[in-house]
Each structure stands twice: as structure tokens, then as C-alpha cells.
Amino acid sequence: MIDKLEYFIALAREKHFGKAAEDCGITQPTLSAGIRQLEDTLGVMLVQRGSRFQGLTPEGQRVLEWARRIVGDARTMKEEMRAARFGLGGHIRIAAIPTALAMVSQLTTPFREKHPDVTFTIISRTSVEVLAALDNFDIDAGISYLDNEPLGKVTAVPIYRESYQLITSVGSQYSERESVTWAEVGSLPLCLLTSDMQNRRIINQHLAQAGVTVQPTLESNSMIVLFSHIRTGKWASIMPLNLSQILGFSEPIRSIPIVEPQASHSVGLIAAQREPHTPLIAALLHEARALSRVMMPLT
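Residues numbered from 1 in each chain as written. Predicted model: local features only at pLDDT ≥ 70, side-chain atom pairs only at ≥ 80, totals over all residues. Heavy atoms only, no water.

## Quick word on the overall build of the protein chain
Just so we agree on the cut-off: Each helix is a run of DSSP H or I of at least 4 residues and each strand a run of E of at least 2, with the numbering of both proceeding from the N terminus. We call two residues in contact whenever any of their non-hydrogen atoms come within 4.5 Å of each other. Residue-level accessible areas treat just the shown protein chains as cover; the underlying method is Shrake-Rupley with a 1.4 Å probe. Charge counting treats Lys and Arg as positive and Asp and Glu as negative, with His and both chain ends excluded. Charge placement uses NZ in Lys and CZ in Arg. For Asp and Glu, CG and CD serve respectively.
Counting its regular elements, the protein chain contains 11 helices and 10 strands. Look at the contacts in the protein chain between residues 6 or more apart in sequence, and 73% of them connect residues 24 or more apart. Element-wise, carbon and sulfur atoms account for 52% of the exposed surface of the protein chain, whose accessible area totals about 14,800 Å². Of note, the protein chain has its 29 positive side-chain charges centred 3 Å away from the centre of its 30 negative side-chain charges.

## Description of the nonpolar core
The following threshold applies: Only buried Ala, Val, Leu, Ile, Met, Phe, Trp, Tyr and Cys residues count toward a nonpolar core, and they belong to the same one when joined by side-chain atoms within 4.5 Å. Relative accessibility under 20% of the residue-type maximum defines a buried residue, over 50% an exposed one, and the middle range a partly exposed one, all with a 1.4 Å probe and only protein chains included.
Within the largest apolar cluster, 45 residues are counted, with the highest numbers of intra-cluster contacts made by I143, L166, L190, I238 and L269. For this core, the element with the most residues is helix α11 (residues 279–295), which contributes seven residues. Counting residues in hydrophobic clusters, the runner-up holds 22 residues, among them L5, A21, F53 and A67.

## A closer look at the environment of L280
Within the secondary structure layout, L280 lies in helix α11. Here L280 falls in the buried class, since its relative accessible area comes to 6%. When the C-alpha atoms of L280 and H91 are compared, they prove to be 8.4 Å apart, with 189 residues separating the residues in sequence. Here L280 is in contact with E79, L88, G89, G90, H91, I92, F111 and V118, once residues within four sequence places are set aside.

## A short note on the pattern of salt bridges
For clarity, the threshold we go by: We define a salt bridge as a side-chain nitrogen of Lys or Arg found within 4 Å of a carboxyl oxygen belonging to Asp or Glu.
If you walk through the whole model with that rule in mind, you get 12 salt bridges. A salt bridge links R201 to E149, with the nearest nitrogen and oxygen atoms 2.7 Å apart. With R201 in helix α8 (residues 198–209) and E149 in the loop between β3 (141–145) and β4 (154–169), this residue pair connects regions lying 52 residues apart in the sequence. Where salt bridges share partners, they join R13, E14, D23 and D138 into one cluster.

## Side note on the packing of aromatic side chains
Operational definition: Each Phe, Tyr or Trp ring, with Trp reduced to its six-membered ring, pairs with another whose centre is within 6.5 Å; inter-plane angles below 30 degrees give stacked pairs, above 60 give edge-to-face pairs, and intermediate values give tilted ones.
Summed over all chains, the structure comprises three aromatic pairs. For the pair F17 and F53, a centre-to-centre distance of 6.2 Å together with 70° between the ring planes defines the contact as edge-to-face. On the criterion of sequence distance, the pair formed by F17 in helix α2 (residues 17–24) and F53 in the loop between α3 (28–42) and α4 (58–86) is long-range, its members being 36 residues apart. Note on accessibility: F17 and F53 belong to one class, buried.

## Some thoughts on the packing of helix α1 (residues 2–14) against α4
Short version of the rule: Comment: axis = line fitted to C-alpha atoms, over the contacting stretch for helices; angle = value between 0 and 180 degrees taken between N-to-C directions. Between 65 and 115 degrees an angle is taken as roughly perpendicular, under 35 as roughly parallel, over 145 as roughly antiparallel, and anywhere else as oblique. Two helices that cross are described as forming a left-handed crossing if the nearer one is turned anticlockwise from the farther one by less than a right angle, and a right-handed crossing if clockwise. Three residue categories are used. Nonpolar comprises Ala, Val, Leu, Ile, Met, Phe, Trp, Tyr, Cys and Pro, charged comprises Asp, Glu, Lys and Arg, and polar comprises the others, including Gly.
With their axes 9 Å apart at the nearest point, α1 and α4 run at an angle of 125° to one another. Accordingly, the angle class assigned to the pair α1 and α4 is oblique. Crossing handedness for the pair α1 and α4: left-handed. Contacts from I2, L5, E6, F8, I9 and A12 in α1 reach G60, V63, L64, A67, R68, I70, V71, A74 and R75 in α4. Considering only residue class, the contact of α1 with α4 consists of 11 nonpolar, one polar and three charged.

## Some words on the side chain of R200
The residue R200 is located in helix α8 in this model. You can call R200 buried: its relative accessible area is 5%. Contact partners of R200, with chain neighbours within four places excluded, come to L192, L193, T194, S195, V214, P216 and E219.

Scope: geometric values only; no functional claims are made or implied.
Written out as C-alpha cells, the structure is:
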């Protein structure tokens, strides 16, 4: 039953029988037969069939919720027994929004010092993709915004608050100011993240509240692209304060707080809402809470 539920989850994720079978490491006939056996066992049709995958039935959508819960519990049980026998070890997959990538090491480094048998994979994803990957078991945890767009059923630990700075070159407009307003920033030619990024949607929201519609001169889904352009001294951008502090800007680049309003948004670790969590995720959440006490001492 667990194997068949995993086949079903893969099919719902990939929306293609061949790709789902490849993801599960089996043949397509084996996957199709497994899902038909699952349908026979449950007595309902789960998949709308045609010449290709056409979606899940309403019953299939409901079974998908149960499948994720059951498969998650089964994996938790296996990991807990492994930890009881061998100690905490294994692999953790984390997806982080681009603006949080630079701070992930503040979480993973102290964690691995305590648990040296744990390895990590860190990938960059939009906030929407982080939630989807968490639902589909493609990742174990995510780092994303907590207070701007709906998260659904997750366990969340706030780690820090993201506030915003104008990053501009010395000698440019506003470069000698101690602060700058959102309305003033909106008048500048900016390089920004693409609109599928929640950071960009947050920036657009604050600029709109200031009565400004931003027209960026460059957009990218890569922070490296933005940084490389900013460092030429010819481009300006809006960056989170913590990101500019970690990566460091020096002359001829200035980092200026944006006020009116002085906006901030919570960023933290999210994991599937499950009790108990796997030993690895429980330990990671514990580490995130410890980091939160350092980075958000008043919360």
C-alpha cells in the first residue's frame, strides 16, 4: 500500500505517467498497474484517464491528502527507528527563497557541528515552489516569508525580519542621504528580482502604497546577476538589509535605509505540519528556534 501511495503522489506531482514512473525508478506499466490496484482497493477512480494524464478525480484529490499524510508518517517511523539504532544522520533537502540563501549557512553550520553525520542539499526556489516541493516530498524543509502570503498547513519558525535598503553607487541621486522614501526610490531606474519572486511582489506592494509604479531596467531570478550589476556602480536596486550585510558592499556602493514606511517581513523555516516530525526535521526546527533567539532577541 505504501509503495502504491508513493506512485500516486509521484503521478499527481509529475502529471505524466512516464515521468512519474521514472521518478519512482519503475516501469510505466508497473506504475499504472499499482495505481489501478490502489483504485480497486479503495473502490473509487482516482485518475481521469485518456490518451494521457488528464488530472485527478475529486476522490483522487482527497486520497492525495491522505497519501501524503500516510507516506509522511511511514517515512517518519523509518527515520525514527534508524535514529534510535544508529544515531541522528541522513540527508536534509532545503529549498530557500533567493534573498535568504546567504543566511542558510547560519542554520546549517551549527546544526552539522552537533550532528556531523548529516548532509545537506540547498536549492533556490520561489516561495510558491517551496510550498509545492514541501507538499510533494521533494524537500524536507523550506526557508520562506511567513507573514505576507498564505502558507497553508506548515510548522513555521521565524528566524529574522527582512527590512529594505536602497543599494546605489556613490555620486548617484540620493547616495549622500541617510535615508530615502519608497516614493523617492520608485523614481530610480532599478534592477530587481522577477515578478514570480515574493520579494519583488513585496517591493511592488510598498511602492504602490507610496503611489509609485516601478519600471525596472533589468530583471533577473538570480541574485548573482543583480549583485554583479550593482557592483559596476552603474545600477541601483532594493535589497534586504541582512543580505547586503552578509555579502558586504563597499565603495563605490552605498546601502541606504528605505523609510516611510520602514517596512519589514518575517522570514523563517517551514516544514510539513506533522506530529511527530522526523528526528532530522525535529532537530532542524530546534536549531532554527535557537537561531531565532539570536537574530530576533525581542520575540
